[in-house]
Amino acid sequence: MKIFNKEKNTDSKEDAQAGTENSEAQNSGSSAEEINEARENPEEASASSEAEKSPEVRCQEEKQVLMDKYYRLAADFDNFRKRTARQMEENRKAALEQVLLDFLEVTDNFDRALKSAKTAEDMNSIVGGIEQLSRQFFSILEKYGIEKIESEKASEFDPHRHEAIQHIETSEVPDNTIVEVYKTGYALNSKVIRPAMVSVARNPDEAEK
């Protein structure tokens with residue numbers, strides 16, 4: 001009786017082991033098929049994987065993508081701002097260097113004129129040298145867009161280009177015209193950077209009105 005039971009138990013164990021192996025073989029075969037399908041159709045596999053994600057997970061992933069884009073754009077803009085500021089500073093220094101080089105030529109001529117004036121006996125030659133230096137100096141200013149504001153005597157007073165520092169009652173020139181220029185005005189590229197300081201005529205007849 002004992003021998004019969006032992007054989008029966010042995011058969012049961014073999015059957016159970018065979019069943020387990022078959023199950024593993026079936027599972028293994030199913031996984032291999034899924035892997036092969038994923039390799040053959042990656043887009044469908046990805047879509048299936050995305051569909052399996054919960055809305056919260058998809059939302060978190062989209063948020064992370066947007067945050068990455070934001071950080072990259074912020075870094076790019078910061079680099080652009082620094083590069084632009086550096087380029088503007090380099091341009092400013094280059095322009096200033098050229099201006100100073102032009103005026104150094106005038107400085108050299110001033111030194112020569114002073115050296116000559118110490119030994120010159122003809123005052124007219126000294127005055128002529130100073131006038132030449134003045135013309136050279138202003139020609140450099142014109143090169144960079146500086147121009148004098150016209151402020152001739154008896155010309156019409158323009159409050160946008162002239163600054164009246166005094167009114168003079170006179171009938172020698174028309175009313176509201178320039179009597180005298182105290183300081184020359186200048187404009188840079190047509191923009192007034194310093195108005196001419198003038199006195200303005202006020203006719204006695206007009207003043208009584």
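Rules and cut-offs
- Residues numbered from 1 in each chain as written.
- Predicted model: local features only at pLDDT ≥ 70, side-chain atom pairs only at ≥ 80, totals over all residues.
- Heavy atoms only, no water.
- UniProt positions renumbered as here; feature names shortened; annotations may be inferred.
- Helix = DSSP H or I, 4+ residues; strand = E, 2+ residues; numbered from the N terminus.
- Contact = heavy atoms within 4.5 Å.
- Areas by Shrake-Rupley, 256 points an atom, 1.4 Å probe, with all protein chains shown as cover.
- 1 Å grid on protein atoms, 1.4 Å probe; cavity = no way out; pocket = protein on both sides within 12 Å on 5 of 7 lines; lining within 4 Å.
- Points joined across faces, edges and corners; volume = space filled by probe spheres on them.
- Nonpolar A, V, L, I, M, F, W, Y, C, P; charged D, E, K, R; others polar.
- Core = buried A, V, L, I, M, F, W, Y, C linked by side-chain atoms within 4.5 Å.
- Buried < 20%, exposed > 50% of the residue type's maximum accessible area, 1.4 Å probe, protein only.
- Salt bridge = Lys/Arg side-chain N within 4 Å of Asp/Glu carboxyl O.
- Pairing = 2+ DSSP bridges.
- Axes fitted to C-alpha atoms, helices over the stretch in contact; angles between N-to-C directions.
- Polar contact = N/O pair within 3.5 Å; in protein donor to acceptor, adjacent residues only side chain to side chain.

Named according to an unreviewed UniProt entry, the chain is Protein GrpE originating from Methanosarcina barkeri MS. Under Sequence similarities (unreviewed entry), UniProt gives the following word-for-word description of the chain: "Belongs to the GrpE family."

Draft legend 1. Representation of the overall build of the chain. Regarding its fold elements, the chain presents 5 helices and 6 strands. Going from N to C terminus, the chain has its helices and strands arranged as α-α-α-α-β-β-β-β-β-β-α. By sequence separation, contacts in the chain at least 24 residues apart represent 59% of the contacts at least 6 residues apart. Accessible surface, the chain: about 17,000 Å² in total, of which carbon and sulfur atoms supply 52%.

Draft legend 2. Fine view of the layout of surface pockets. Within this model, the largest pocket holds a volume of roughly 160 Å³. Every residue along the wall of the largest pocket is listed here: Phe110, Ala113, Leu114, Ser116, Ala117, Ala120, Ser125, Ile126, Gly129, Ile130 and Leu133. Among the secondary structure elements, those contributing two or more residues to the lining of the largest pocket are α3 (55-117) and α4 (123-143). Considering only residue class, the lining of the largest pocket consists of 8 nonpolar, 3 polar and no charged.

Draft legend 3. Looking closely at the nonpolar core. Counting residues in each nonpolar core, the largest one holds 5 residues, listed as Phe157, Ile178, Ala196, Val198 and Val200. Looking at this core, the element that brings in the most residues is strand β6 (residues 196-202), giving 3 residues. Those residues within four positions of Val198 in sequence are excluded, and the remaining contacts are Phe157, His162, Glu163, Ala164, Ile165, Gln166, Ile178, Glu180, Val181 and Tyr182.

Draft legend 4. Fine view of the pattern of salt bridges. Tallied over the entire structure, the rule returns 5 salt bridges. The salt bridge involving Glu61 is made with Lys53; its shortest N-O contact spans 2.9 Å. With relative accessibility at 23%, the residue Lys53 sits in the partly exposed group. Residues Arg81 and Asp78 are paired through a salt bridge, measuring 2.7 Å at the closest nitrogen-oxygen approach. Pair noted here: Arg81 and Asp78 are both in helix α3, with a separation of 3 residues, about one helical turn. For Arg81, a relative accessible area of 44% translates into the label partly exposed.

Draft legend 5. Here's a closer look at the pairing of strand β5 (residues 191-194). Note that strand β4 (residues 186-188) and β5 share 3 bridges and pair antiparallel. When the sheet's bridge partners are listed, Leu188 is paired in β5 with Lys191.

Draft legend 6. Spatial organisation of the sheet that holds β6. The strand order β2-β6-β3 describes an open sheet built from 3 strands, whose pairing is mixed. Taken across any chain shown, the strands that pair with only one partner, and hence form the sheet edges, are β2 (162-169) and β3 (178-183). Taken over all neighbouring pairs, the strand axes of this sheet differ in orientation by 25° on average, direction set aside. For β2 and β6, the ladder comprises 7 bridges, and the chain directions are parallel. Bridge assignment links His162 to a residue of β6, and that residue is Ala196.

Draft legend 7. Spotlight on the side chain of His162. On the secondary structure map, His162 appears in strand β2. Within polar-contact distance, the side chain of His162 engages the backbone oxygen of Glu150 at 3.2 Å. The contacts of His162, once residues within four sequence positions are left out, are Ile149, Glu150, Ser151, Glu156, Phe157, Ile178, Pro195, Ala196 and Val198.

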